[in-house]
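Commentary on secondary and tertiary structure
Below, each chain spelled out in residue letters.
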Amino acid sequence: MTTTAPAPTGADLPVHDARKAFAEELAALARIDDRIVAVCNDSVGSSNLTDFRDEFPDRLINVGIAEQDMVGVGAGLASAGMIPFVCAAAPFLTGRSLEQIKADVAYSQHAVILCGMSPGMAYGELGPTHHSVEDLSWLRALPGLDIVVPADRLQTRLAVRAAVEHPRPTFIRVGRHKVPDVTPEGSVLERGRFQQLREGRDITLVAAGTLVSRALAAAELLAADGVQARVLNAWSIAPFDVDAIEAAARETGGIVTAEEANVAGGLGAAVASVVGQLPGDSRVGLRLLGLTEFAPTGSTDFLLEHFGLTADSIVAAAREVAGRG
């Protein structure tokens, strides 16, 4: 676990689309490293690769709507020494080409950077076929694949930079739903180590991606009630920061997880697995916030509220776990 300077709370801050930061960082790195290429599935616009295509027309490969081929092409490029960023809407990248991700990337250990664009419920009104809430669950089952869920623009840039500096099989969730910047300036990514954004001994809030800013807002509300909440940004789903969860179980009175994903196999399941294997006297109350069913159709904000993924809902879960409900 990495402890940083206090993060902004997220309240009343401007919100941003992380895809723009992704595209800008990718292009900046490509200018100094000609190994970087982009591969997409007829998604140049939705993957924010228009400027990349215009600047590097010979380094963008558009395979059309053929996700399995797209991942295979990426694996071939990686085997030839290139650094391929394979970009597509998260539900189609992970769902349609799961076999290729398993065999050609994770098992073969080809350093393909899989970029799941607009993950979670970011597509809102397009409905359950376009929601990507199972991706963490099925990708966590693949050994040798890093899973990165940035919380904001800065962390997205850091994830892209790390993927180039230390290429390895990686899946990055590139958020579309606008969120405030919560990563402190000067932060670094330590592979497999969460960021502690707030100190606290009463309860631990563990959140990923879009839910990190909401966990910070919840911590502010809890503080007003005399409850000091530790906030962990679980940006690295794999490898997983077991030490941070064990410390939270020892040092705080309970744990609440929050994710824009299915809790069956996602962040919450990973935390529950760690807590469940602790000695009996080290176990603490645990509450998992996330999805347990297919999401209906509606705006992203509506869907997050529908599934109780709000600051108020995190507060209620924390009070319940801490015995103050």
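Here, every reference points to the structure presented above.
Our subject in this report is the structure included herewith. Keep in mind that this is a model prediction, so the values were computed, not measured.

Procedures and definitions
- Every chain's residues receive numbers from 1 upward, in the order its sequence appears when written.
- Only residues with pLDDT of at least 70 get local features here, since the model is predicted, and only at 80 or more are side-chain atom pairs given and counted; chain-wide, interface and lining totals rely on the full set of residues.
- As a rule here, side-chain values come from all non-hydrogen atoms in the structure, and water together with hydrogens is ignored.
- Strands here mean DSSP runs of E at least two residues long; helices mean DSSP runs of H or I at least four residues long; both are numbered from the N terminus.
- Only protein chains enter the accessibility calculation, which uses a 1.4 Å probe; a residue whose area is less than 20% of its type maximum is buried, one above 50% is exposed, and one in between is partly exposed.
- Should any heavy atoms of two residues lie within 4.5 Å, those residues are counted as being in contact.
- Whenever a carboxyl oxygen of Asp or Glu lies within 4 Å of a side-chain nitrogen of Lys or Arg, that contact is scored as a salt bridge.
- Strands qualify as paired when DSSP identifies two bridges or more between them.
- Axis definition: a line fitted to C-alpha atoms, over the contacting stretch in the case of helices. Angles run 0 to 180 degrees between N-to-C directions.
- Residues belong to a common nonpolar core when they are buried Ala, Val, Leu, Ile, Met, Phe, Trp, Tyr or Cys residues joined through side-chain atoms within 4.5 Å.

1. Quick look at the side chain of D33
- You can see D33 is positioned in the loop between α1 (18-32) and β3 (36-40).
- By relative accessible area, D33 is classed as buried at 14%.
- Ignoring sequence-local partners within four residues, the contact set of D33 consists of R59, I83 and V164.

2. Quick word on the pattern of salt bridges
- Taken as a whole and assessed by the stated rule, the structure comprises 21 salt bridges.
- One salt bridge in this structure joins E24 and K20, with 2.4 Å as the shortest N-O distance. Here K20 and E24 lie together in helix α1, a separation of four residues that amounts to about one turn.
- Accessibility expressed as a relative area gives 33% for E24, which makes it partly exposed.
- Between D146 and R168 there is a salt bridge, with the nearest N and O atoms lying 3.8 Å from each other. Of the two residues, D146 sits in strand β7 (residues 146-148) while R168 sits in the loop between α7 (153-165) and β8 (170-174), which places them 22 residues apart along the sequence.
- It is possible to trace a salt-bridge network through shared partners that takes in K20, E24, E25, R157 and R161.

3. Some words on the sheet that holds strand β4 (residues 60-62)
- As summarised here, the arrangement of the seven strands in space is β4-β3-β5-β6-β8-β7-β13, forming an open sheet in which the pairing is mixed. Bordering the open sheet on either side are β4 and β13 (236-238), each of which pairs with just one other strand. Between one strand and the next, the sheet's axes are offset by a mean angle of 20°, whatever the strand orientation.
- Bridging between β3 and strand β5 (residues 83-89) involves five bridges; their strand directions are parallel. Within β5, the position partnered with V39 by the bridge is V86.
- Across the sheet, helix α3 (residues 67-79) touches β3, β4, β5 and β6 (113-117), and the angle it forms with β5 is around 170°.

4. A short note on the nonpolar core
- L114 and I245 are the most contacted members of the largest nonpolar core, which totals 43 residues.
- With residues up to four places along the chain from it excluded, the contact list for L114 reads V71, V86, L93, I101, V105, L145, T170, F171 and I172.
- Ranked by size, the runner-up nonpolar core spans 33 residues in total, among them V133, A207, A318 and V321.

5. Thoughts on unusual backbone geometry
- Of note, the amide linkage connecting A238 to P239 takes the cis form, showing an omega dihedral of -5°.
- Inspection of the secondary structure puts P239 in the loop between β13 and α9 (242-251).
- If you check the backbone angles, D42 has positive phi at about 65° while not being a glycine.
- Among the secondary structure elements, D42 is positioned in the loop between β3 and α2 (50-55).
- Judged by relative accessible area, which is 52%, D42 ranks as exposed.
- Unusually for a residue other than glycine, S118 sits at a positive phi of about 55°.
- With respect to the element layout, S118 can be found in the loop between β6 and α6 (135-139).
- Since its relative accessible area comes to 0%, S118 is described here as buried.

6. Brief notes about the pairing of strand β12 (residues 229-233)
- In terms of burial, β12 is a largely internal element, five of the five residues being buried.
- Of the two faces of β12, both are covered, the one formed by A229, V231 and N233 as well as the one formed by R230 and L232.
- Note that strand β10 (residues 195-198) and β12 share three bridges and pair antiparallel. For Q196, the partnering residue across the bridge sits in β12 and is L232.
- By the bridge criterion, five bridges tie strand β11 (residues 203-207) to β12 in an arrangement that is parallel. What sits directly across from T204, in β12, is R230.

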